[in-house]
Amino acid sequence: MRQNPSFAMTDPAELRRIIELHPWATLVSDTADGLVASHYVVLLDDERDDLTVVGHLGRPDDLIHGLGDREILLVFQGPHGYVSPGWYGDVQAVPTWNHVSVHLSGVPEILSDVENLRVLERMVDIFEKRMPSPRGMWQLPNDDAFVNRLAAGTVGFRLTPSRVVAKRKLSQNKPAETVDEVIAALEGEGPYADAALAAEMRRARDAREGREA
């Protein structure tokens, strides 16, 4: 991802927030057969306060990616959407696409079976807690044999990134009044309305104004 200093996202807390809110990641590796991409849920490591993440691949994806033997790239995509030049007012303009993206790169370590099982259990709990009647991984009618058999079909990993590239392209290069117009349009009812992107733009705008105050 080409970086622009004006759009660079460097605050670890903000990067963690994006990863936590958007855990469906794209995993890319460069193999002898060419580039390979897979898609999995990836979580922040709850035992670390940095950008270390944990996840799993289903077999044989681990072998296809050479998991643990080579560098991988994890891509987390936050809110994103189309921005019409009509939202800029009566000025020369072209369309663009605002987005928030986080890239983590490094060579992952393979988790032990016990560690992998813990990550799988935590993953289920994180998403099930939103349900009116959460169903844990070990809850009946599941039994130990069933859970252990499914876990054996996965390979867990932990990645402490050696390289981080994150971008928050949210119209920072536009005048403040233009940013407000874009936010208003995104919060409206048009074909490109996007409340999540509007909220992300508002958050970035407020942070900038706070630093400048």
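In every chain, residue numbers begin from 1 and rise along the written sequence. pLDDT decides what is reported in this predicted model: residues at 70 or higher carry local features, side-chain atom pairs at 80 or more are listed and counted, and totals for whole chains, interfaces and linings draw on all residues regardless. Hydrogens and waters are ignored; side-chain quantities use all the structure's heavy atoms.

*Asks:* Before we go on, may I ask you to explain the nonpolar core in this structure?
*Replies:* Across soluble globular proteins, you tend to see nonpolar side chains buried next to one another. Counting residues in hydrophobic clusters, the biggest one holds 35 residues, and the most contacted among them are V53, L74, F76 and L104. In what follows, a contact means two residues having at least one pair of non-hydrogen atoms within 4.5 Å. Discounting residues that sit within four places of it in the chain, L104 has contacts with I19, L51, V53, I72, L73, L74, F76, L159, P161, R163 and V164. Throughout this description, the term nonpolar core refers to a set of buried Ala, Val, Leu, Ile, Met, Phe, Trp, Tyr and Cys residues connected via side-chain atoms within 4.5 Å. Relative accessibility under 20% of the residue-type maximum defines a buried residue, over 50% an exposed one, and the middle range a partly exposed one, all with a 1.4 Å probe and only protein chains included. By size, the runner-up hydrophobic cluster in this structure holds six residues, among which are V41, L43, L111 and V119.

*Asks:* Where do I start with unusual backbone geometry in this structure?
*Replies:* Most peptide bonds take the trans configuration, and most residues that are not glycine carry a negative phi. For the bond running from R59 to P60, omega is 5°, close enough to zero to count as cis. Only DSSP runs of H or I with at least four residues qualify as helices, and only runs of E with at least two residues qualify as strands; both kinds are numbered from the N terminus onward. Relative to the helices and strands, P60 is located in the loop between β3 (53-58) and α2 (61-65). Residue L140 is joined to P141 through a cis peptide bond whose omega torsion reads 15°. Within the element layout of this structure, P141 appears in the loop between α3 (113-128) and α4 (144-151). A positive phi is found at S171, a non-glycine position, where the angle reads about 65°. Looking at the element boundaries, S171 is found in the loop between β8 (163-169) and α5 (176-186).

*Asks:* Can you help me understand the environment of K169 in this one?
*Replies:* Turning to its location among the elements, K169 is positioned in strand β8. Residues K169 and Y192 lie 23 residues apart in sequence; the distance between their C-alpha atoms is 17 Å. Each residue touching K169, except ones within four places of it in the same chain, is listed here: F7, T96, W97, N98 and H99.

*Asks:* Quick question: what am I supposed to make of the packing of aromatic side chains here?
*Replies:* To describe a pair of aromatic rings, you give the distance between the ring centres and the angle between the ring planes. Any Phe, Tyr or Trp ring, taking Trp's six-membered ring, that has another such ring centre within 6.5 Å forms a pair; planes under 30 degrees apart are called stacked, those over 60 apart edge-to-face, and the others tilted. Taken as a whole, this structure holds two aromatic pairs when the rule is applied. Seen in terms of ring centroids, Y82 and Y192 are 4.5 Å apart; in terms of plane orientation they differ by 45°. Their pairing is tilted. Placement of the pair is Y82 in strand β4 (residues 72-83) and Y192 in the loop between α5 and α6 (195-212), with a sequence separation of 110 residues. The exposure class assigned to Y192 is partly exposed, which follows from its relative accessible area of 43%. Aromatic ring contacts, followed pair by pair, group Y82, W97 and Y192 into a single cluster. Any Lys NZ or Arg CZ that is within 6 Å of a ring centre and within 35 degrees of that ring's normal is treated as a charge sitting over the ring. The ring of Y88 has K174 sitting right over it, with the charged end atom 4.6 Å from the ring centre.

*Asks:* How do you make sense of the pattern of salt bridges when you look at a structure like this?
*Replies:* Two side chains carrying opposite charge are able to pair once their charged atoms lie near each other. The term salt bridge refers to a pairing of a side-chain nitrogen on Lys or Arg with a carboxyl oxygen on Asp or Glu at a separation within 4 Å. The final tally for this structure, using the stated rule, is 16 salt bridges. Of the charged contacts, one joins R168 and E14 as a salt bridge, the two residues approaching to 2.4 Å between their closest N and O atoms. Separated by 154 residues along the polypeptide, R168 in strand β8 and E14 in helix α1 (residues 12-21) bring together distant segments of the chain. The two residues R168 and E14 agree in class, both being buried. Between R202 and E187 there is a salt bridge; the shortest N-O distance is 2.8 Å. Here the residue R202 occupies a position in helix α6, and E187 occupies one in the loop between α5 and α6, the gap between them amounting to 15 residues. For R202, a relative accessible area of 29% gives the class partly exposed.

Just geometry here; none of it tells us what the structure is for.
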